[in-house]
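A closer look at the structure
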2 protein chains.
Amino acid sequence: MTAKDRKALVVLSGGQDSTTCLYWAIEKFGLENVSAITFDYGQRHRIELECAQDIAERIGVPQVCLPIDTFAALGGDALTDTDIDITSQVDEVTSLPNTFVPGRNIVFLTFAAAWAWPRKIDVLVTGVAETDYSGYPDCRENTLASLQESLRLGMESNVEIQAPLMHLSKKETVELARDLGAIEAMAWTHTCYNGVRPPCGSCAACELRARGFAEAGIEDPLLAQS
Amino acid sequence: MTAKDRKALVVLSGGQDSTTCLYWAIEKFGLENVSAITFDYGQRHRIELECAQDIAERIGVPQVCLPIDTFAALGGDALTDTDIDITSQVDEVTSLPNTFVPGRNIVFLTFAAAWAWPRKIDVLVTGVAETDYSGYPDCRENTLASLQESLRLGMESNVEIQAPLMHLSKKETVELARDLGAIEAMAWTHTCYNGVRPPCGSCAACELRARGFAEAGIEDPLLAQS
């Protein structure tokens, strides 16, 4: 079976990384074999949801948005709880950033696999990267390899998790977007942790994005707009 | 560290198996170290949620109920979709019963782990069993072993998943409940897939429960009530 005979589901957040993954999946599996899944989990940067829908429509891939109300009920993390300030500081006890939602990517990929299962979709594509500054342990390759095995066993499937950005720096991710012809699409994406447009430019996510474009020597079309 | 120094979280559905596990956890870890977590995922047998709360209150363990609205959005399974008849028949394509929600236990245990994580709870206890007639692949020991590894990697924890009923027949589960002094509590539980009380007596879940009690030679106090 060649890659173009397989079907892929991209976990599309509406950000730079997952949008680059969408272009990557289309090149690898063909436009007709790619769809996207987005999760509405009560994130404070809800503009991402609109971006994800807009990006899927512009590119022409089917997209579904599934609700997850559980993270908000779990409480206590800065991405869903507006009473908590977002900082780039790590928690003294856990050594993890206060934007850490325990198990978030495990849940996303499990629901993606559950969506994929009856639709005979073979591959889940996620934009997580070990090189991400935040160091979320559920973004690491060993977690994804273990989860792939859990999902295969738990759903009796051969589902595969692919994370094309896993070992890329932000600079290399921007270069990949360039090579895939996806730079223009970066104008449709959202990155800022403060959920504002134009982006705040000062949060950790904005700074990381700016550094990636600068190091790649490419102008960020999102900033050129504003 | 002895068992009584550890904290355990029991996934409590309000059914016979998870209630037996609650007694098992209290005997092993001590009443003061046990709490319970229940998921409101839009199940059609919502009476289970009331049973779970009632059981936790009667026994005196803290209980939390978390919503999961995602399974209903995924659609197409008989446990959450009232347009689909519950039968004990298997799907011709997948060879799985039509009550199968792909990945349900993976999601439950991941959210349980996320709840446990900031609370320094070491052990997750689940009532799933390989001997369960329905043969859900995410109830098998190899799936749980793999998931435990995924959760440890993804949350940087030493969380342990314990499934004390894994290799017990329904008869042996009833005998375990007897040995733990939990038979009386079985009157507070709910099993019937049709969500009625007194139980319908004819669905696959009722039949399985009745056979377990009959084979153990113990009267089901739930039936003695009605």
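Report follows, based on the coordinates. Counting from 1, residues in each chain are numbered in the order their sequence is written. All chains are assigned letters beginning at A, and all ligands numbers beginning at 1, according to the order in which they are written. Totals for whole chains, interfaces and linings use every residue, but because this is a predicted model, local features are given only for residues with pLDDT of at least 70 and side-chain atom pairs only at 80 or more, for both listing and counting. Hydrogens and water are ignored here; the side-chain numbers use all heavy atoms of the structure.

**Some thoughts on the relation of the copies chain B and chain A**
With an axial shift of 0.0 Å and an RMSD of 0.0 Å, the rotation relating chain B to chain A amounts to 180°. A rotation of that kind, with that shift, is consistent with a two-fold axis. Working rule for contacts: check all heavy atoms of both residues, and any pair within 4.5 Å makes them a contact. Mapped onto chain A, 100% of the interface residues of chain B again fall at the interface, so both copies present the same surface. A residue counts toward the fit only if its pLDDT is at least 70 in both copies, and the copies are then superposed by least squares on the C-alpha atoms of those residues.

**A few points about the sheet that holds strand β5 (residues 160-162) of chain A**
Residues and elements named next belong to chain A. Strands qualify as paired when DSSP identifies two bridges or more between them. Under the scheme used here, helices are H or I runs from DSSP no shorter than 4 residues and strands are E runs no shorter than 2 residues, and both carry numbers assigned from the N terminus. Pairing is parallel in the open sheet, where five strands are placed in the order β3-β2-β1-β4-β5. In this open sheet, the two edge strands, each paired with only one partner strand, are β3 (63-67) and β5. Across the sheet, the mean angle separating the axes of adjacent strands is 25° when strand polarity is ignored. Note that strand β4 (residues 123-125) and β5 share three bridges and pair parallel. Within β5, the residue paired with Val123 across the bridge is Glu160. Fitted lines through C-alpha atoms give the axes, limited to the stretch in contact for helices. The angle between two N-to-C directions lies from 0 to 180 degrees. Strands β1 (8-11), β2 (34-40), β4 and β5 of the sheet are contacted by helix α1 (residues 16-29), whose axis makes an angle of about 170° with β1.

**Brief notes about the nonpolar core**
Residues grouped as a nonpolar core are buried Ala, Val, Leu, Ile, Met, Phe, Trp, Tyr and Cys residues, joined through side-chain atoms within 4.5 Å. For every residue, the accessible area obtained with a 1.4 Å probe (protein chains only) is divided by the maximum for its type, and the residue is called buried under 20%, exposed over 50%, and partly exposed between those limits. In terms of nonpolar packing, the biggest core is built from 79 residues, with Phe111 and Leu124 of chain A together with Phe111 and Leu124 of chain B touching the most fellow members. When residues no more than four places from it in sequence are discounted, the contact partners of Leu124 of chain A are Leu9, Leu109, Ala112, Ala113, Ala116, Leu151, Val159, Glu160, Ile161 and Gln162 of chain A.

**Structural notes on the sheet that holds strand β2 (residues 34-40) of chain B**
Residues and elements named next belong to chain B. Overall, parallel pairing links the five strands, which are arranged β3-β2-β1-β4-β5 in an open sheet. Strands with a single pairing partner mark the edges of an open sheet, and in this sheet they are β3 (63-67) and β5 (160-162). Sheet twist, expressed as the mean angle between neighbouring strand axes with direction ignored, is 25°.

These values are about where atoms sit, not about what they do.
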